[in-house]
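Per-entry structural report
The chain contents come next:
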Amino acid sequence: MAAVVVIGTLDTKGVEHQYVSEIIRSNGCEVLLIDVGILGTPQVNADISREEVANAAGTSIKQLVLENDRGKAIDTMGNGVAKLVKKLYKEGRLGGVFALGGSGGSSIAARAMRELPIGVPKLIVSTIASGDTKPYVGQSDIMMMYSVVDIAGINCISKIILQNAANAIAGMVKERKYADEIANKEKPIVAISMFGVTTACVTEARRILENLGYEVIVFHANGSGGKAMESLIKDGFIDAVLDLTTTELADELVGGMLSAGPERLEIAGRLGIPQVVSLGALDMVNFGPVETIPRQYSHRKFYKHNSNVTLMRTNIEECTILGKRIAEKLNKAKGPVCVFIPLKGVSSIDIENGVFYDPEADKALFASLRESLSSHIEIVEMDVNINNPLFAQSIAVKLHKLYKNEEVHIDE
């Protein structure tokens, strides 16, 4: 059985890491303890020393101490341990990763964990786990457990937390079934982007694709979901993409809270992966509660999705820019691409008598896209709403044909 790699600052939290390591071993797992501390004397011995970690990052502990830059030191040790962890995984010596820490120790450990494939057990017990964990987790499957009390000694509270965490990582590693299953997949994997207002379309498209022999993975287009999808495409897990819901591009343009960053809608094309793309939920930008909406948008059309999410209707100018941006991204694609345009609305609320019904804004989006797309990219226009079953069936069949490299003609 591959070992549980335990990462920690052994000068300040050595006793706690030793305690956790003993529990993991009592579960029948080996432990490799890595020291990422810098200043103080280690409280316990490590299997991989802090000096080895610093050397992996191209420097030394002595140099980091002389520079006296805590932020740089944390980044450096994070880079060093990430290289070592990646090497251990490739050598088959790593079955999972565990860490205890505050913001600094958590940053170092998370940097290493994000280098590992989806499915490899990753658990951090941290004092910051009840706050915003996005900078630590990113688009990986890191689990973070709040320590409740500070990680400063073994007491009646910390003992319970650490025991649970140690038993959890040991159990996951002992029952490990992860990246090998993906690597040895029997079915091609299709990624689909979805939002609440495009769920009906995705559900029907998924049904068809599964019947055609695909494994379908759905990503919620909430910023993190788009980033996760792009990340898995980049890592080679995805065989074809049905990018139905490109709404995150609207948030990126206008400054909404669900942007997936500038690389959204680019990775599949860069790698030549077959993709069918549509315009799902480009009628909206996502903001928080009403009182948080920027003042410059006070005159716009809004829809309160719930108490924490307020939607703003994209206007003609924004839709024109979005059409052009989508075309610019797709024009660079090295693989087969087909774009589907639902002429009667891009979401379940962009329909006649719907709260975001704005045919002029939609026309601006469609016209800009048509004018900007390269002539070699096929456009299929259908006189239906995006959630019409016929639309879902058509995009699913088209993606299947692109993946099989077959010609297809779809009647509107």
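These remarks concern the structure in this document.

What counts, and where the lines are drawn
- Residues numbered from 1 in each chain as written.
- Predicted model: local features only at pLDDT ≥ 70, side-chain atom pairs only at ≥ 80, totals over all residues.
- Heavy atoms only, no water.
- Pairing = 2+ DSSP bridges.
- Helix = DSSP H or I, 4+ residues; strand = E, 2+ residues; numbered from the N terminus.
- Axes fitted to C-alpha atoms, helices over the stretch in contact; angles between N-to-C directions.
- Buried < 20%, exposed > 50% of the residue type's maximum accessible area, 1.4 Å probe, protein only.
- Right-handed = clockwise from strand over helix to strand, strands pointing away.
- Contact = heavy atoms within 4.5 Å.
- Expected span 1.5 Å × (residues − 1).

On to the sheet that holds strand 2 (residues 31–35), then. Here five strands make up an open sheet; going across it, the order is 2-1-3-4-5 and the pairing parallel. In the strand order of this sheet, the two ends are held by strand 2 and strand 5 (143–146), each with one partner. In this sheet, adjacent strand axes meet at a mean angle of 20° when their direction is disregarded. With five bridges joining them, strand 1 (residues 3–8) and strand 2 adopt parallel strand pairing.

On to the pairing of strand 2. A large share of strand 2 lies buried, amounting to five of its five residues. Because side chains alternate across strand 2, one face comprises the buried residues Val31, Leu33 and Asp35, and the other comprises Leu32 and Ile34, equally buried. For the crossover from strand 1 across helix 1 (residues 14–26) to strand 2, the handedness is right-handed.

Okay, the sheet that holds strand 8 (residues 240–243) next. Taken together, the six strands give an open sheet; going across it, the order is 7-6-8-9-13-14, and neighbouring strands pair in parallel fashion. The sheet is open, and its two borders are formed by strand 7 (215–220) and strand 14 (378–382), each paired with just one other strand. Neighbour-to-neighbour, the strand axes of the sheet open up by a mean angle of 15°, direction not taken into account. Of the strands in this sheet, strand 6 (189–194), strand 7 and strand 8 are in contact with helix 9 (residues 199–211), which crosses strand 6 at around 170°. Where helix 14 (residues 359–372) meets the sheet, its contacts fall on strand 13 (337–342) and strand 14, and the angle it forms with strand 13 comes to roughly 155°.

A word on helix 15 (residues 389–404). For helix 15, with 16 residues, the first-to-last C-alpha span of 23 Å sits near the 22 Å given by 1.5 Å per residue. Within helix 15, burial applies to Phe391, Ala392, Ser394, Ile395, Ala396, Lys398, Leu399, His400 and Leu402. Those residues of helix 15 that are buried are in contact with strand 6, helix 9, strand 8, strand 9 (275–277), strand 13 and strand 14. At the C-terminal side of helix 15, Asn405 shows a positive phi close to 60°.

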